[in-house]
Amino acid sequence: MNTAPEPADSGWYAAIRRECRAAADGALMLLRPILEQERGGTPGRLLRSALSPLGQLAATVAAGRRRHWTPDRQWRAPVPVISVGNITAGGTGKTPCVVAMAEWLAAAGVRPGVVMRGYRAVAGGPNDEERLIRETVPSAIVRANPDRRIAIAEAVAEGAGAIILDDGFQHLRVARDLDIVLVDATAPFGGGSVLPAGLLREPPEALAVAGAIVITRSDQVPAEALRALEGELDRLAPAVPRFRAVHQPAGLATLGGGAMPLSDLAGARVLCACAIARPEAFIQTVRTLGAEIGGECLFPDHHAFDVADAARMQADMHRCGARAIVLTAKDAVKLRLLPDEGQPKPAWVVSMRFELPDNADALRALALRAAEKQGGAPDGASAGGMRAH
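The following paragraphs examine the structure supplied in this document. (Residues numbered from 1 in each chain as written. Predicted model: local features only at pLDDT ≥ 70, side-chain atom pairs only at ≥ 80, totals over all residues. Heavy atoms only, no water.)

1. Looking at the overall build of the protein
So the rule is basically this: In this text, helices come from DSSP runs of H or I with a minimum length of four residues, and strands from runs of E with a minimum of two, each type numbered from the N-terminal end. Each residue's exposure class comes from its accessible area (1.4 Å probe, protein chains only) as a fraction of the maximum for that residue type: buried when under 20%, exposed when over 50%, partly exposed otherwise. Should any heavy atoms of two residues lie within 4.5 Å, those residues are considered in contact. For accessible areas, the Shrake-Rupley method is used with a probe of radius 1.4 Å. Any residue's cover is judged against the shown protein chains and nothing else.
Scanning the protein from terminus to terminus reveals 10 helices and 14 strands. Looking at the protein residue by residue over its 389 residues, the buried ones come to 54%. Here the analysis covers contacts within the protein between residues at least 6 apart in sequence; of these, 76% occur between residues at least 24 apart. With the model as given, the accessible surface of the protein reaches about 16100 Å², and the carbon-plus-sulfur share is 56%.

Listed below in structure tokens is the structure:
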């Protein structure tokens, strides 16, 4: 069992690492459409071709790493662990799924602990995902640490009966009792290559070891595209239980927390502002609610907002003649940290809910069964080939 801690996320080393990540986030936001082969023309093809050898090397390393972390080498927590992850770089809708899992556990009488890395925390405090989960599921114990074992130990010491490991599919050091992997129907395989040649974190064949696959945003693609994705998943992971999920608008509120009817968006000209991996999914949601998109104000994923950013939103709103700025709930928790006079106004917040339209009970049952385990073998692909559509 490997117990060597990872580098502490503090001091000059961490500061340099944070700056590098910020630069990488900005580059990824610009390059994502090219790496996903959505656009870029000849220059995009040349870039992907030039990066292909690096992508192949990264794929080999990732596959070798997964072979290395056999169960006897993994660290096992004293309580059950449910991982929620993906195989692409960001944007599959993990946070709403983590919230749903935490709510399911809490409703079953199991106090959930949510453990994450804490990427791009604001001023040394909780990051956007931590803040949102704490607001949404008050009973959850949320802990972040680059060494997830330390965060798990802290959550267990505070009374967590089961752990939800956020973004845990590639965090192989920690054993898990259920691996839930999300695949975004709108961009399932990140251009088909591993970073930096595409947006895959590892080869898609890794899906075969998942305990459950959830196709997110399944309502945002044509039926034939969804059928094609199902066919590919049948090939890659034929024995893994599979589910279709949608992210439904759950409510509308002012940045200050005042409730509004979702119908207020109908016919309103708005500016969409966000710092998430897939802004196009959020913008499409706002559009389906009947709003007219007057403009977009986009920032890199997990961006830490300051007063200047809020002023930019305000200026863009006036420039495009919008009635209000529309935000994601994850971005709203960061903007509320600004002084009241520095917050963008008027700003409306759209909250989202993770739903499985056809068979939520089957995934809930898998999660609760895993949460009842006490150090036993994980639920893996042998869970029965069930299809929950």
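2. Concerning the side chain of Asp 309
The cut-off we apply is this: Counted as positive: Lys and Arg. Counted as negative: Asp and Glu. His and the chain ends are not counted at all. When a carboxyl oxygen of Asp or Glu is within 4 Å of a side-chain nitrogen of Lys or Arg, the pair counts as a salt bridge. Whenever two N or O atoms come within 3.5 Å, that pair is a polar contact, provided that in protein one can donate a hydrogen and the other can accept it, and provided that, for residues adjacent in sequence, both atoms are side-chain atoms.
Along the chain, Asp 309 falls in helix H8 (residues 307-319). One buried charge, Asp 309, has no salt-bridge partner; the nearest side chain with opposite charge is Arg 312, at 5.3 Å. Within polar-contact distance, the side chain of Asp 309 engages the side chain of His 303 at 2.8 Å. If near-sequence neighbours (up to four positions away) are discounted, Asp 309 is found in contact with Phe 299, His 303 and Ala 304.

3. Brief notes about the packing of aromatic side chains
Note the threshold: The pairing test for Phe, Tyr and Trp rings, Trp by its six-membered ring, is centres within 6.5 Å, and the orientation test on the planes gives stacked under 30 degrees, edge-to-face over 60, and tilted for anything in between. Ring-over charges, as used throughout, are those where CZ of Arg or NZ of Lys falls within 6 Å of the ring centre and within 35 degrees of the ring normal.
This model, assessed by the stated rule, comprises 1 aromatic pair. Judged by centre distance (5.2 Å) and plane angle (90 degrees), the ring pair of Phe 299 and Phe 305 falls under edge-to-face. Given a relative accessible area of 3%, Phe 299 falls into the buried group. Taking the relative accessible area as the measure of exposure, Phe 305 reaches 8% and is therefore buried. Above the plane of the ring of Phe 169 lies Arg 66, whose end atom (NZ or CZ) is 4.3 Å from the centre. Sitting over the face of the ring of Phe 299, Arg 312 holds its NZ or CZ atom 4.5 Å from the ring centroid.

4. Quick look at a nonpolar patch on the surface
Just so we agree on the cut-off: Nonpolar side chains (Val, Leu, Ile, Met, Phe, Trp, Tyr) within 5 Å and like charges within 9 Å form the patches, drawn only from residues with over 30% relative accessible area and no salt bridge.
A cluster of nonpolar side chains, Leu 54, Leu 57 and Val 61, forms an exposed patch at the surface whose accessible area comes to about 290 Å². Structurally, the position occupied by Leu 54 is in helix H2 (residues 41-68). By relative accessible area, which is 46% here, Leu 54 ends up partly exposed.

5. A closer look at the sheet that holds strand E13 (residues 347-355)
Selection rule: Strand pairing is assigned whenever DSSP detects at least two bridges linking the two strands.
Ordered in space as E9-E8-E13-E12-E10-E11, the 6 strands form an open sheet in which the pairing is mixed. Looking at which strands have only one partner, the edges of the open sheet turn out to be strand E9 (259-260) and strand E11 (292-298). Direction of pairing for strand E10 (residues 269-274) relative to E11: parallel, over a ladder of 6 bridges. Within E11, the position partnered with Ala 273 by the bridge is Cys 297.

6. What to know about the packing of helix H3 (residues 94-107) against helix H4 (residues 128-136)
Relative placement of two packed helices is described by the angle separating their axes and the distance separating the axes. Under the convention used in this document: Orientation is described by axes fitted as lines to C-alpha atoms, over the contacting stretch for helices, and by angles from 0 to 180 degrees between their N-to-C directions. A crossing counts as left-handed when the near helix is turned anticlockwise from the far one by less than a right angle, and as right-handed when that turn is clockwise. In this classification, the charged set is Asp, Glu, Lys and Arg, the nonpolar set is Ala, Val, Leu, Ile, Met, Phe, Trp, Tyr, Cys and Pro, and all remaining amino acids, among them Gly, are polar.
Where H3 meets H4, the axes come as close as 10 Å, and the angle between the chain directions of the two elements is 35 degrees. By crossing handedness, the relation of H3 to H4 is classed as right-handed. Residue-level inspection shows Thr 95, Val 98, Val 99 and Glu 103 of H3 in contact with H4, the latter providing Glu 129, Leu 132, Ile 133 and Thr 136. A per-class count over the contact of H3 with H4 returns 4 nonpolar, 2 polar and 2 charged.

7. Some words on helix H7 (residues 279-288)
Residues that lie three or four places apart on an α-helix share one face, since the helix turns once every 3.6 residues. Of all the residues in H7, the buried ones are Pro 279, Ala 281, Phe 282, Ile 283, Thr 285 and Val 286. Taken together, the buried residues of H7 touch strand E8 (246-254), E10, E11, strand E12 (324-328) and E13. Once H7 finishes, Gly 290 follows within two positions and takes phi at roughly 100 degrees, a positive value.

8. Notes on the packing of H3 against helix H10 (residues 360-371)
Counted only if it meets this: Working definition: roughly parallel below 35 degrees, roughly antiparallel above 145 degrees, roughly perpendicular at 65 to 115 degrees, and oblique for all remaining angles.
Contact pair H3 / H10: the axes reach a minimum separation of 10 Å and the direction vectors enclose 65 degrees. When the axis of H3 is compared with that of H10, the two are roughly perpendicular. The crossing of H3 and H10 is right-handed. Taken together, the residues of H10 that come into contact with H3 (itself represented by Met 101, Trp 104 and Leu 105) are Ala 360, Leu 363, Arg 364, Ala 367, Leu 368 and Ala 371.

9. A few points about unusual backbone geometry
What you tend to see is this: most non-glycine residues have negative phi, and most peptide bonds are trans. Residue Pro 196 is bonded to the preceding Leu 195 through a cis peptide linkage, with omega at 5 degrees. For the peptide bond that leads from Lys 345 to Pro 346, omega is -15 degrees, which places it in the cis range. Look at Asp 167: it is not a glycine, yet its phi comes out positive at around 55 degrees. As for its placement among the helices and strands, Asp 167 is situated in the loop between strand E4 (162-166) and strand E5 (178-184).

10. Regarding H8
Defined as follows: Take the number of residues in a helix, subtract one, and multiply by 1.5 Å to get its expected span. When we speak of the arc, we mean the arc of directions from the helix axis to the C-beta atoms.
The first and last C-alpha atoms of H8 sit 18 Å apart over 13 residues, in line with the 18 Å expected at 1.5 Å per residue. Looking only at H8, the buried set comprises Asp 309, Ala 310, Met 313, Gln 314, Asp 316 and Met 317. Taken end-on, H8 shows its buried residues confined to a sector of 165 degrees, consistent with a single buried face. For H8, the exposed residues lying more than 90 degrees away from the buried face are Ala 308, His 318 and Arg 319. Buried-residue contacts for H8 involve E10, E11, E12 and helix H9 (329-335). Where H8 begins, the side chain of Asp 306 points an oxygen toward the backbone nitrogen of Ala 308, at a separation of 3.1 Å.

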